[in-house]
Structure formats: structure tokens, C-alpha cells
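Commentary on secondary and tertiary structure
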Amino acid sequence: MTFNRNNTNQQDYQPEFSEKVVDIKRVAKVVKGGRNLSFRTLVVIGNGKGKVGVGLGKSEAIPDAVQKATSVAQKNLLSFDLKETTIPYQVEAKYGAAQVIIKPAPQGTGIRAGASMRAVLEQSGVKDVVAKSLRSQNPINVVRATISALGQLSEKNSGAEEVQDGGSEDVQN
């Protein structure tokens with residue numbers, strides 16, 4: 001019996017999602033015999049239609065770290081609704097010391113944002129938006145704050161649907 005190391009679930013995601021490596025850092029763990037060097041990668045995946053995920057991976061080789069980060073990102077997907085090529089309304093979010101503001105923009109504006117936020121917005125399919133990162137410039141915290149802001153879009157939409165459904169039931173009774 002042979003063991004297949006390639007997970008079939010990962011292969012299913014490859015055609016649907018594209019990935020972007022946001023950050024690669026060499027990290028060191030100091031041990032008795034010296035330093036153990038490894039690489040930490042931050043990867044954002046998305047389908048360009050309102051689905052995006054982010055993952056961190058760490059390994060002794062960069063390709064292995066990217067693969068680990070991609071598999072983590074596939075498990076942490078977030079979906080939200082787009083309004084044509086932009087977002088429906090302005091959102092703000094904070095993660096750690098990073099704070100982000102994302103505003104809708106007219107068609108043709110493009111993505112006006114920093115590199116870390118741009119990667120998340122491009123992978124999610126947003127084409128016209130103005131965004132600002134305040135306070136921290138740490139790519140991990142900026143990306144997670146951006147994901148948190150986009151998550152507010154899906155939460156408020158689902159909350160509005162629940163209120164509408166509840167209101168229609170009261171009218172029928």
C-alpha cells in the first residue's frame with residue numbers, strides 16, 4: 001500500500017483560487033548549539049469574486065512555508081458581497097496595533113492602498129476602493145485587520161437579512 005502525501009483537497013482549490021505571497025521573513029530560534037533558521041511566509045488566497053483567506057506558514061525552506069501558509073489560508077476563507085467592482089459601504093477595523101479604513105470608490109479609481117492591504121483586496125476581487133492603514137505597518141496585523149474589515153461586510157449583510165425575515169413574520173401573524 002502506498003501513501004499519497006498530496007492532499008486531494010488542496011488540489012481541488014488550486015484552479016479556483018489564486019495566491020499571493022505578501023511577506024517572507026527569515027526567523028531564528030536560538031538554541032544551545034547556535035541558531036535554527038527558518039522562514040515565515042504570509043500568503044493571501046482569493047477567487048476574485050468575494051472570497052479571500054489568509055495564512056501563515058513556517059518551514060526551513062521557502063516553498064514549504066508557502067505551501068503550509070496556502071493550506072492554512074484555504075481553511076480560513078471569508079466570503080462577502082461586492083457591489084459591482086467596489087464594496088457596499090465604508091468599514092473600519094483594528095487588529096493588534098493596526099487600524100484600517102476601507103472606503104468605496106467610483107468605477108475606474110483602482111485600488112488605492114498599501115502593499116499588504118492591496119494584496120488582500122486584489123485577491124478578493126475588489127477593483128475600485130480607497131483604503132488607508134493607520135498606526136502599525138506590520139504586514140501580518142495590517143492583513144488581519146483588512147480581513148476583519150471585509151468580514152464586517154458579510155456580518156452586516158447577514159444581520160440585515162435576519163431583521164427583514166423577522167419583520168415579515170410579524171406582519172403575517
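Along each chain, residue indices are assigned from 1 in the same order as the chain's sequence is written. Predicted model: local features are reported for residues with pLDDT of at least 70 only, side-chain atom pairs are reported and counted for 80 or more only, and whole-chain, interface and lining totals are derived from all residues. Hydrogens are left out, water is left out, and the side-chain values use all remaining heavy atoms of the structure.

**Overview of the sheet that holds strand 2 (residues 34-46)**
Applicable threshold: When DSSP finds two or more bridges between two strands, those strands count as paired. The numbering of helices and of strands both runs from the N terminus, where a helix is a DSSP run of H or I of at least 4 residues and a strand a run of E of at least 2. As a rule, the C-alpha atoms of each element are fitted with a line to give its axis, helices using only the stretch in contact, and angles between N-to-C directions run from 0 to 180 degrees.
Read from one edge of the open sheet, 4 strands run 1-2-3-4, paired in antiparallel fashion. Sheet topology places strand 1 (18-31) and strand 4 (77-79) at the edges, where each strand pairs with a single neighbour. For this sheet, the mean angle separating the axes of adjacent strands, direction not counted, is 15°. Judged from the 3 bridges that link them, strand 3 (residues 51-59) and strand 4 form a sheet pairing that is antiparallel.

**Quick look at the sheet that holds strand 6 (residues 98-104)**
Stated precisely, the cut-off is as follows: Contacts are assigned to residue pairs with any non-hydrogen atoms lying within 4.5 Å of each other.
Ordered by their spatial adjacency, 4 strands build an open sheet running 5-6-8-7, and the pairing between neighbours is mixed. Across the chains shown, the open sheet's two edge strands, defined by having one partner strand only, are strand 5 (91-95) and strand 7 (111-112). Here strand 5 runs beside strand 6; their pairing, made up of 5 bridges, is antiparallel. In the sheet register, Glu92 faces strand 6, and the bridge partner there is Ile101. On the sheet, helix 3 (residues 115-124) packs against strand 6, strand 7 and strand 8 (129-135) and is oriented at approximately 145° with respect to strand 8.

**A closer look at the pattern of salt bridges**
Inclusion rule: The term salt bridge refers to a pairing of a side-chain nitrogen on Lys or Arg with a carboxyl oxygen on Asp or Glu at a separation within 4 Å. Relative accessible area decides the class of each residue, using a 1.4 Å probe on protein chains only: under 20% of the type maximum gives buried, over 50% gives exposed, and in between gives partly exposed.
Counted by the stated rule, this structure contains 1 salt bridge. Among the salt bridges present, the one from Asp23 reaches Arg40, with a minimum N-O distance of 2.7 Å. One end of the pair, Asp23, is in strand 1; the other, Arg40, is in strand 2, and 17 residues separate them in sequence. Both residues of the pair, Asp23 and Arg40, belong to the buried class.

As far as function goes, none of this settles anything; it's purely spatial.
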